[in-house]
Amino acid sequence: MMSDDRFDDTLDEMAREHNRAPSVPRDEMWAAIAAARQEARREQPAPAAPVVVIPMRPRPLMWQWAAIGGALAATLLIGILIVRRTQAPPTQPYAVAQ
């Protein structure tokens, strides 16, 4: 039994030591990052004047809006006519009052 306990302890210690990550020099890494960022800020050019966006096309004129409205109305009218022409006639004639 004694040898089994020693074997388990040795196995546990070997498992802890196996593939152990090396210590990370965090302070040195952050110092290098901070120095690189400061250097980049010093090399960055001064900000340019604000960009003004000028539209390429002026707003549509009133006649253009009227043309668009007319085209939409014509499309609606054509659709209504198509539906009325393609409907089946009523199966019973309408009653006429005498």
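Please read all numbers here as calculations on a predicted model, not as lab measurements. (Residues numbered from 1 in each chain as written. Predicted model: local features only at pLDDT ≥ 70, side-chain atom pairs only at ≥ 80, totals over all residues. Heavy atoms only, no water.)

**Points about a nonpolar patch on the surface**
A cluster of nonpolar residues, Met62, Trp65, Ile68 and Leu72, forms a patch on the protein surface that exposes about 500 Å² of accessible area. Its location among the elements puts tryptophan 65 in helix 3 (residues 62-86). For tryptophan 65, a relative accessible area of 49% puts it in the partly exposed group. (Patch = residues over 30% accessible without salt bridge, like charges linked within 9 Å, V, L, I, M, F, W, Y side chains within 5 Å. Areas by Shrake-Rupley, 256 points an atom, 1.4 Å probe, with all protein chains shown as cover. Salt bridge = Lys/Arg side-chain N within 4 Å of Asp/Glu carboxyl O. Helix = DSSP H or I, 4+ residues; strand = E, 2+ residues; numbered from the N terminus. Buried < 20%, exposed > 50% of the residue type's maximum accessible area, 1.4 Å probe, protein only.)

**Notes on the confidence of the model for the chain**
Per-residue confidence for the chain gives a mean pLDDT of 84, with 92% of residues at or over 70. Confidence, expressed as mean pLDDT per element, reaches its minimum in the chain at helix 1 (residues 2-17) with 84 and its maximum at helix 3 with 93. (pLDDT = per-residue confidence, 0-100.)

**Quick look at the environment of leucine 76**
Considering the arrangement of structural elements, one finds leucine 76 in helix 3. The exposure class assigned to leucine 76 is exposed, which follows from its relative accessible area of 56%. Sequence spacing of leucine 76 and methionine 56 is 20 residues, and the spatial spacing of their C-alpha atoms is 32 Å.

**Concerning the pattern of salt bridges**
Scanning the model with the defined rule gives two salt bridges in all. Across the salt bridge formed by arginine 42 and glutamate 39, the nearest N and O atoms sit 2.9 Å from each other. One end of the pair, arginine 42, and the other, glutamate 39, are both in helix 2 (residues 26-43), three residues apart, so they sit about a helical turn from each other. Given the relative accessible area of 60%, arginine 42 is considered exposed.

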